[in-house]
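Residues per chain are reported as follows:
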Amino acid sequence: MAQTDQMRLPQDGMFPEGGVGRPPPFSSLRQGLHWFSAAIILWLMLSGFAIVFVERGTSARAFVDMLNPGLGVILAPPFLLRTVLWLRSLPFHGWASKARDERATIAGQACLYLCVWIVLLSGVLMMADGWSFLGIVQVRALPAQSIARMVFSGIHLWADIVLALLMAGHIALVAVHEARGRPVLYRVLSRLDRTRGM
């Protein structure tokens, strides 16, 4: 997903010349976790919405139905680590003293993290049939009543929609910040930051 980790921006809307006073780029670990999880989440969302219009029994539908649950399982541990690292950065510390735009950014990030976890968990709980982990291991569906599966399916759908809106808004805000001379991408693209410093 473009970066959901904390982005503290000066209130005057511009960074001092030469980048003095800017928050440092994220560690290599956090940058790797960001792009790894962003790539999987974007694929899961785009393919999930697109596959709704594909008939069951087709090879494309079977491929996505086989691949996506496994990708969700692969995503969970790195995204858990990413969530823990974000919480360890104490984003809510000193909340009252933060600028309004910074509080809005942090709130948006929190909603993004929460939405991803709702999507992942509801996606597992709504499955009526067993599923295959990348075509290698067969996994049985969790025992649940049909009404419960319907509830989880509804939660999953709406969480997907909210997550898509949050990600679109996030990417748009990053683009606006970059266009207005308030760079934020350098925090997840160290190479880009070094190029700007040349």
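Residues numbered from 1 in each chain as written. Predicted model: local features only at pLDDT ≥ 70, side-chain atom pairs only at ≥ 80, totals over all residues. Heavy atoms only, no water.

Peer 1: Please give an account of the overall build of the protein chain that cites residues and values.
Peer 2: Helices and strands together make up the secondary structure of the protein chain, namely five helices and two strands. Order of helices (α) and strands (β) in the protein chain, N terminus to C terminus: α-α-α-β-β-α-α. Across the protein chain, every contact between residues at least 6 apart in sequence was considered, and the portion connecting residues at least 24 apart equals 74%. Counting only carbon and sulfur atoms, one obtains 69% of the accessible surface of the protein chain, whose full area is about 11600 Å². (Helix = DSSP H or I, 4+ residues; strand = E, 2+ residues; numbered from the N terminus. Contact = heavy atoms within 4.5 Å. Areas by Shrake-Rupley, 256 points an atom, 1.4 Å probe, with all protein chains shown as cover.)

Peer 1: Go over a nonpolar patch on the surface with me, naming the residues and quoting the values.
Peer 2: The grouping of Leu-114, Ile-118, Ile-147, Met-150, Val-151 and Ile-155 at the surface amounts to a nonpolar patch, some 560 Å² of accessible area in total. Of all elements in the fold, only α3 (100–125) and α4 (146–179) reach the threshold of two or more residues within the nonpolar patch. Counting residues per element, the nonpolar patch draws most heavily on α4, at four residues. Along the chain, Ile-118 falls in helix α3. (Patch = residues over 30% accessible without salt bridge, like charges linked within 9 Å, V, L, I, M, F, W, Y side chains within 5 Å. Salt bridge = Lys/Arg side-chain N within 4 Å of Asp/Glu carboxyl O.)

Peer 1: Give a description of the nonpolar core that names residues and reports values.
Peer 2: In this structure, Ile-41, Leu-75, Phe-79, Val-116, Leu-163 and Met-167 are the most contacted members of the largest nonpolar core, which totals 19 residues. Looking at this core, the elements with two or more residues in it are α1 (28–51), α2 (59–88), α3 and α4. For this core, the leading source of residues is α3, giving seven residues. (Core = buried A, V, L, I, M, F, W, Y, C linked by side-chain atoms within 4.5 Å. Buried < 20%, exposed > 50% of the residue type's maximum accessible area, 1.4 Å probe, protein only.)

Peer 1: Lay out the confidence of the model for the protein chain with the relevant residues and their values.
Peer 2: Looking at the protein chain as a whole, the pLDDT averages 78, with 77% of positions reaching at least 70. Within the protein chain, helix α5 (residues 190–196) has the poorest average pLDDT of any element, 51, and α1 the best, 90. Contacts for the low-pLDDT stretch residues 1–20, under 50 throughout, to residues beyond four places or in other chains number 70 contacts. (pLDDT = per-residue confidence, 0-100.)

Peer 1: So what's going on with the packing of α3 against α4? Residues and values would help.
Peer 2: Packing of α3 against α4 leaves a shortest axis separation of 8 Å and a crossing angle of 150 degrees. As the angle between them shows, α3 and α4 are arranged roughly antiparallel. The hand of the α3/α4 crossing is left-handed. In this structure, α3 contributes Cys-111, Leu-112, Cys-115, Val-116, Ile-118, Val-119, Ser-122, Gly-123 and Leu-125 to the contact, and α4 contributes Arg-149, Phe-152, Ile-155, His-156, Ala-159, Asp-160, Val-162, Leu-163, Leu-166, Met-167 and His-170. Class assignment for the residues of the contact of α3 with α4 results in 14 nonpolar, four polar and two charged. (Axes fitted to C-alpha atoms, helices over the stretch in contact; angles between N-to-C directions. Parallel < 35°, antiparallel > 145°, perpendicular 65-115°, else oblique. Left-handed = near helix turned anticlockwise from the far one by under 90°. Nonpolar A, V, L, I, M, F, W, Y, C, P; charged D, E, K, R; others polar.)

Peer 1: Lay out the packing of aromatic side chains with the relevant residues and their values.
Peer 2: How two aromatic rings sit relative to each other is set out by the distance from centre to centre and by the angle between their planes. This model, assessed by the stated rule, comprises five aromatic pairs. Ring geometry for Phe-79 versus Tyr-113: centroids 5.4 Å apart, planes at 40 degrees, classification tilted. Of this pair, Phe-79 sits in helix α2 while Tyr-113 is found in helix α3, placing the two residues 34 residues apart along the sequence. By the burial criterion, Phe-79 is buried, and Tyr-113 matches it. Ring-pair connections join several aromatic residues into one group, and the members of that group are Phe-79, Trp-86, Phe-92, Trp-95, Tyr-113 and Trp-117. For the cation-ring pair, Arg-187 lies above Phe-26, with the distance from its terminal atom to the ring centre recorded as 4.1 Å. (Phe/Tyr/Trp six-rings, centres within 6.5 Å; stacked < 30°, edge-to-face > 60°. Lys NZ or Arg CZ within 6 Å of the ring centre and 35° of its normal.)

Peer 1: Explain the packing of α1 against α4 residue by residue, including any values.
Peer 2: Between α1 and α4, whose axes approach to 11 Å, the crossing angle comes to 125 degrees. On the basis of the axis angle, α1 is oblique to α4. Note that α1 runs across α4; the crossing there is left-handed. Packed against α1, whose contacting residues are Ile-41, Leu-42, Met-45 and Phe-49, the element α4 presents Asp-160, Ile-161, Leu-163, Ala-164 and Met-167 at the interface. In terms of residue class, the contact of α1 with α4 is built from eight nonpolar, no polar and one charged.

Peer 1: Give me the lowdown on the state of the cysteines, citing residues and values where you can.
Peer 2: Summed over all chains, the structure comprises zero disulfides. As a non-bridged cysteine, Cys-111 has Cys-115 as the owner of its nearest cysteine sulfur, 7.2 Å distant. With relative accessibility at 41%, the residue Cys-111 sits in the partly exposed group. (Disulfide = S-S within 2.5 Å.)

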